[in-house]
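# Observations on the three-dimensional arrangement
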Amino acid sequence: TSIGRFEEAEALYIRSTQARPTDWYGYLLLGIFYKDRQRYDEAVHSLNQAKELAPDNDIVRYNLGAVYRAYGRYEQATVELREALKIRSNPLFYAALGGVYYYEHQFPAAVAALETATDLKPDVYWYWGNLGVYAKWAPGNEAKSSAALPRALQLALTAAERDQTNYVLRAPVPDYRARLAHPKPQRPEPHQIP
């Protein structure tokens, strides 16, 4: 799908599920394809089919949680991500769960989830960046924000230096710098929170 042949890719994924209807992996791939195209109803349907075939698969649960999060169905996202974490402790799953808590304005829970993610994998800049953002909103956690944002900036700069052709790695640097220059956030309206 990286060359833009989406209709052809979709047809291949569908054919895969038809050829092997009891194989969860084809439904997973189809669900991820739909999620990436923001076709959330179809993504939920495919991922639920994968979940029926492999209820104890953490990757299926994580992706279903990610779709629910993108869809704004936070309660369902929380359920799926917690189930994924019961199957396997994974920093990415904790980071995703923290994002759901943040969108629900459960800021202390968001901070706790991101702290776990950074404990499990301390070299991921965006875990630290999100921890810094979430901690500013959780009363009593401002010091955690002050520690996390410089760490996020340092890791992002190091990653960008290692791979100078990857501009995605450079994208958060101005945001982290701006947040460090303005430590007291103005509380946005709920519809403005990303």
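Residues numbered from 1 in each chain as written. Predicted model: local features only at pLDDT ≥ 70, side-chain atom pairs only at ≥ 80, totals over all residues. Heavy atoms only, no water.

## Comments concerning the confidence of the model for the chain
- This prediction gives the chain a mean pLDDT of 91; 91% of its residues lie at or above 70.
- Within the model, the stretch residues 189–194 combines pLDDT values under 50 with six contacts to residues more than four positions away or in other chains. (pLDDT = per-residue confidence, 0-100. Contact = heavy atoms within 4.5 Å.)

## Topic: the side chain of T78
- Its place among the elements puts T78 in helix α5 (residues 74–87).
- Leave out the neighbours within four places in its chain, and T78 touches L97, V100, Y101 and E104. (Helix = DSSP H or I, 4+ residues; strand = E, 2+ residues; numbered from the N terminus.)

## What to know about the nonpolar core
- One finds Y102, L114, Y134 and Y176 to be the most contacted residues of the largest nonpolar core, which totals 53 residues.
- Beyond its immediate stretch of four places on either side in the chain, Y176 contacts Y125, W126, G129, L149, A152, L153 and A156. (Core = buried A, V, L, I, M, F, W, Y, C linked by side-chain atoms within 4.5 Å. Buried < 20%, exposed > 50% of the residue type's maximum accessible area, 1.4 Å probe, protein only.)

## Observations concerning the packing of aromatic side chains
- Within this structure, the stated rule accounts for 11 aromatic pairs.
- Relative to Y127, the ring of W126 has its centre 4.6 Å away and its plane inclined at 75°; by these criteria the two rings are edge-to-face.
- Residue Y127 is classed as buried on the basis of its relative accessible area of 4%.
- Three or more aromatic residues link up through ring pairs in this structure, and these residues are Y74, Y102, Y103, F107, Y134 and W137.
- Geometry around F33 places R37 over its ring, the cationic atom sitting 5.3 Å from the centre. (Phe/Tyr/Trp six-rings, centres within 6.5 Å; stacked < 30°, edge-to-face > 60°. Lys NZ or Arg CZ within 6 Å of the ring centre and 35° of its normal.)

## Quick notes on unusual backbone geometry
- We note that Q38 has phi near 60°; this positive angle belongs to a residue other than glycine.
- For Q38, the position within the fold is in the loop between α2 (24–36) and α3 (40–53).
- Its identity is not glycine, yet H105 carries a phi of approximately 65°, on the positive side.
- Mapped onto the fold, H105 is located in the loop between α6 (91–103) and α7 (107–120).

## Quick notes on the side chain of K35
- Inspection of the secondary structure puts K35 in helix α2.
- Of the side chains with opposite charge, D36 comes closest to the buried, unpaired K35, at an N-O distance of 4.5 Å. (Lys, Arg positive; Asp, Glu negative; His and termini not counted. Salt bridge = Lys/Arg side-chain N within 4 Å of Asp/Glu carboxyl O.)

## Structural notes on α3
- The terminal C-alpha atoms of α3, which comprises 14 residues, lie 20 Å apart, in line with the 20 Å expected from a rise of 1.5 Å per residue.
- For α3, the complete set of buried residues consists of Y40, A43, V44, S46, L47, A50 and K51.
- Tucked inside the fold, the buried residues of α3 contact α2, α4 (58–71) and α5. (Expected span 1.5 Å × (residues − 1).)

## Remarks on the packing of α3 against α4
- For the pair α3 and α4, the least separation of the axes is 10 Å and the interaxial angle reads 160°. Considering their axes alone, α3 and α4 lie roughly antiparallel with respect to each other. Seen along the crossing, α3 lies across α4 with a hand that is left-handed. When α3 is examined against α4, the residues Y40, D41, A43, V44, L47, N48, A50 and K51 are found in contact with a partner set consisting of V60, R61, N63, L64, V67, Y68, A70 and Y71.
- Residues of the contact of α3 with α4, tallied by class, amount to 11 nonpolar, two polar and three charged. (Axes fitted to C-alpha atoms, helices over the stretch in contact; angles between N-to-C directions. Parallel < 35°, antiparallel > 145°, perpendicular 65-115°, else oblique. Left-handed = near helix turned anticlockwise from the far one by under 90°. Nonpolar A, V, L, I, M, F, W, Y, C, P; charged D, E, K, R; others polar.)

## Thoughts on the environment of G31
- Tracing the sequence through the fold places G31 in helix α2.
- Residues G31 and S46, spaced 15 residues apart in sequence, show a C-alpha to C-alpha distance of 4.9 Å.
- Look past the residues within four positions of G31 in its chain and what remains in contact with it is A43, S46 and L47.

## What to know about the packing of helix α8 (residues 125–137) against helix α9 (residues 142–162)
- Axis separation between α8 and α9 bottoms out at 7 Å; the angle between their running directions is 155°. Viewed along their axes, α8 and α9 adopt a mutual orientation that is roughly antiparallel. Considering only the axes of α8 and α9, their crossing is left-handed. Together, Y125, W128, G129, L131, G132, V133, A135 and K136 of α8 and E142, K144, S145, A148, L149, R151, A152, L155 and A156 of α9 make up the contact between the two elements.
- Here the residues of the contact of α8 with α9 sort into 10 nonpolar, three polar and four charged.

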